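Residue-level structural notes
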Amino acid sequence: MQASEAEKPRIVILISGTGSNMVAIAEAVKAENSDNGIDAEIVGVISNRPTAEGLNKAQAMDLHTDLIDHTLYASRDEFDHALIRMIEDLKPDLVVLAGFMRILTADFTRYYEGRLLNIHPSLLPKYQGLNTHQRALDAGDDIHGVSVHFVTEELDDGPNAIQAIVPIFDVDNAQLLQQRVHEQEHIIYPIAVKWFCEGRLTMKGSKALLDNKPLPTSGVQLDSRD
Ligand code: GAR
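Here's a quick rundown of the structure. All of these numbers come straight from a predicted model, not from anything done at the bench.

Let us now look at unusual backbone geometry. Excluding glycine, residues mostly carry a negative phi; peptide bonds, for their part, are mostly trans. Following Leu124, the chain continues into Pro125 via a peptide bond in cis, with omega recorded as 15 degrees. Of note, Pro125 is situated in the loop between strand 5 (116–120) and helix 5 (132–138).

We now examine the sheet that holds strand 9 (residues 207–210). Ordered by their spatial adjacency, three strands build an open sheet running 8-9-10, and the pairing between neighbours is antiparallel. Both outer strands of the open sheet, strand 8 (201–204) and strand 10 (213–214), are each paired with one neighbouring strand and no more. Direction of pairing for strand 9 relative to strand 10: antiparallel, over a ladder of two bridges. The residue of strand 10 that forms the bridge with Leu209 is Pro214.

Looking now at the sheet that holds strand 7 (residues 160–167). With mixed pairing, eight strands are arranged side by side in an open sheet as 3-2-1-4-5-6-7-11. Two strands close off the open sheet at either side, each with one partner strand: strand 3 (65–67) and strand 11 (220–223). Across the sheet, the mean angle from the axis of one strand to that of its neighbour is 20 degrees, orientation sign disregarded. Where helix 1 (residues 20–30) meets the sheet, its contacts fall on strand 1 (10–15), strand 2 (41–47), strand 4 (94–97) and strand 5, and the angle it forms with strand 2 comes to roughly 165 degrees.

This paragraph deals with helix 6 (residues 174–197). The terminal C-alpha atoms of helix 6 lie 34 Å apart, and with 24 residues this matches the ideal 34 Å at 1.5 Å per residue to within 8%. Largest kink in helix 6: about 25 degrees, centred on Glu185. The backbone nitrogen of Gln175 lies 3.0 Å from a side-chain oxygen of the residue at the head of helix 6, namely Asn173. One or two steps after helix 6, the chain reaches Gly199, where phi turns positive at roughly 80 degrees.

Attention shifts here to the nonpolar core. Ile13, Val193 and Leu201 are the most contacted members of the largest nonpolar core, which has 47 residues in total. Ranked by residue count, the leading element in this core is helix 6, at nine residues. Grouped together as the second largest cluster of nonpolar side chains are 20 residues, Val12, Ile46, Ile87 and Leu104 included.

With that out of the way, let us pick up the pattern of salt bridges. In this structure the tally under the stated criterion is nine salt bridges. Across the pair Asp172 and Arg180 runs a salt bridge, and its minimum N-O distance is 2.7 Å. Since its relative accessible area comes to 11%, Asp172 is described here as buried. Arg200 is the salt-bridge partner of Asp211, the closest N and O atoms lying 2.8 Å from each other.

What follows is about the environment of Ile165. Within the secondary structure, Ile165 sits in strand 7. Classification of Ile165 by relative accessible area gives buried; the value is 6%. As a C-alpha pair, Ile165 and Leu222 span 57 residues in sequence and 6.3 Å in three-dimensional space.

Secondary-structure assignment places Asn21 in helix 1. Here Asn21 falls in the buried class, since its relative accessible area comes to 6%. Setting aside residues no more than four positions away along its own chain, Asn21 makes contact with Ala98, Ile119, His182, Glu185, His186 and Tyr189.

Turning next to the site of the ligand. Every residue near the ligand is listed here: Thr18, Gly19, Ser20, Asn21, Gly99, Met101, Ile119, His120, Pro121, His182 and Glu185. Thr18 is positioned such that a nitrogen or oxygen atom in its side chain is 2.9 Å from an oxygen atom of the ligand. Asn21 is positioned such that a nitrogen or oxygen atom in its side chain is 2.8 Å from an oxygen atom of the ligand. Contact with the protein chains covers 87% of the free accessible surface of the ligand, which is 450 Å². Mapped by element, the contributors of at least two residues to the shell around the ligand are helix 1, strand 5 and helix 6.

The rules behind the values
- Residues numbered from 1 in each chain as written.
- Predicted model: local features only at pLDDT ≥ 70, side-chain atom pairs only at ≥ 80, totals over all residues.
- Heavy atoms only, no water.
- Helix = DSSP H or I, 4+ residues; strand = E, 2+ residues; numbered from the N terminus.
- Pairing = 2+ DSSP bridges.
- Axes fitted to C-alpha atoms, helices over the stretch in contact; angles between N-to-C directions.
- Contact = heavy atoms within 4.5 Å.
- Expected span 1.5 Å × (residues − 1).
- Bend = angle between axes of the 7 residues up to and from the residue.
- Polar contact = N/O pair within 3.5 Å; in protein donor to acceptor, adjacent residues only side chain to side chain.
- Core = buried A, V, L, I, M, F, W, Y, C linked by side-chain atoms within 4.5 Å.
- Buried < 20%, exposed > 50% of the residue type's maximum accessible area, 1.4 Å probe, protein only.
- Salt bridge = Lys/Arg side-chain N within 4 Å of Asp/Glu carboxyl O.
- Near = heavy atom within 4 Å.
- Areas by Shrake-Rupley, 256 points an atom, 1.4 Å probe, with all protein chains shown as cover.

Here's what the structure looks like:
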């Protein structure tokens, strides 16, 4: 039986920039009845930057958008509490960080613990923070990738749900590598959100669980080289 609109899991997506991951998730929600579709409702897309391209993309997909400009707040604490209030108005079951480039306070991450996902362009725990593609190249790595993880207090440190591995080639530069990683982001983020919305992906203590079984540190790994 199809869940009625009122019963669907409610998703809020936070963005700061292009919003391509937000679009990938929104497309999977639109395709809710297909194999890879997500049976959920995106109840809001919130940006902390007025110029975020993703806001236009969300509006073009008929999604509700909100703006909360972090530069108008005196402190990180004040901003995060205002952000919580804005998100709570939308009564979400899941909050998805999709290129939301703000360090969040412990108050925020604790409030949403277990229902807050992030995507980070590296094979976490490798390369937390910024410039991940250049750092993987500089280190001479032959693989790189992307992780979707539950968010905890430590930056880029919560348990991984899923990762995608990409190869690094001799001719690569940071831009080529970023494009290769981005393609995989658009595959794995909708998968993780779908698992969460189906009640299959949960967080217990410091572990991510899929179907009640603790996942390895990497989460489920997809290898685009296969
Ligand atoms: C993505 O590549 C995501 O992995 C990265 O921001 C980009 C947003 O792209 N996130 C982080 O670096 C978080 N630490 P998008 O706006 O097109 O989805």
